[in-house]
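Observations on the three-dimensional arrangement
Residue strings, one per chain:
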Amino acid sequence: MILGLGIDLVDVPAFGVQLSDPASHFASATFTAGELAYAQGAPSGDPVRHLAARYAAKEAAVKAIDLACARAGFEGQPLMPLKAIEVVCDAHGRPQLELYGPAAALATRLGADRTWVSISHDGNSAVATVVVERLT
């Protein structure tokens, strides 16, 4: 059973401007060390594109979890830090989500068994869709 669905679209050049602000702690507050390392080592040589896609996935996950909470009657949930949602790759390079702290607690409270994530980037856009699912 699908509990929640979320989608997010990010403008890659504008996202790059935000990342490059030397006074900002945005990247370190948003991304895990693993996500930052993945983006820096990506074969494309364009870490901004990969971080934009991961940011879209995090935002899509927040939307999916929020929708699931609303459907379950859990209104007024606290904001989730985006670092509590991590985009990792499986052994075949496919993206997956790992939830920590408040994100994991909400997923457990919802009875969510798994999440699905799809990420794409092309030109100036990065997009992600997330589904939160309960198997029973």
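Above this note sits the structure.
This write-up is about the structure you can find in this document. If you're wondering where the values come from, they're calculated on a predicted model, not measured in any experiment. (Residues numbered from 1 in each chain as written. Predicted model: local features only at pLDDT ≥ 70, side-chain atom pairs only at ≥ 80, totals over all residues. Heavy atoms only, no water.)

Time to look at the packing of aromatic side chains. Scanning the entire structure with this criterion turns up five aromatic pairs. Ring geometry for F15 against F31: centres 6.4 Å apart, planes inclined by 85°, an arrangement best described as edge-to-face. Note that F15 is positioned in helix α1 (residues 12-20) and F31 in the loop between α2 (26-30) and α3 (33-41), a separation of 16 residues in sequence. Summarising the burial analysis for this pair, F15 and F31 share the class buried. (Phe/Tyr/Trp six-rings, centres within 6.5 Å; stacked < 30°, edge-to-face > 60°. Helix = DSSP H or I, 4+ residues; strand = E, 2+ residues; numbered from the N terminus. Buried < 20%, exposed > 50% of the residue type's maximum accessible area, 1.4 Å probe, protein only.)

Sheet analysis places strand β2 (residues 85-89) next to strand β3 (residues 95-99), joined by five bridges and oriented antiparallel. Opposite E86, over in β3, you have E98 as the bridge partner. (Pairing = 2+ DSSP bridges.)

We now examine the nonpolar core. Among the nonpolar cores identified, the biggest contains 34 residues, and V10, F15, Y55, I65, L97, L110 and V130 are the most heavily contacted of them. Looking at this core, the elements with two or more residues in it are β1 (2-11), α1, α4 (47-72), β2, α5 (101-110) and β5 (125-133). When residues in this core are grouped by element, the largest group, 12 residues, is from α4. Apart from residues no more than four positions distant in its own chain, V10 is found in contact with F15, A52, Y55, A56, N124, S125 and A126. (Core = buried A, V, L, I, M, F, W, Y, C linked by side-chain atoms within 4.5 Å. Contact = heavy atoms within 4.5 Å.)

All chains considered together, the criterion is met by five salt bridges. Residue R49 is joined to D46 by a salt bridge in which the shortest nitrogen-to-oxygen separation is 3.4 Å. A relative accessible area of 28% places D46 in the partly exposed class. Across the pair D90 and R94 runs a salt bridge whose closest N-O atoms are separated by 2.8 Å. When its relative accessible area of 48% is taken as the criterion, R94 is described as partly exposed. (Salt bridge = Lys/Arg side-chain N within 4 Å of Asp/Glu carboxyl O.)

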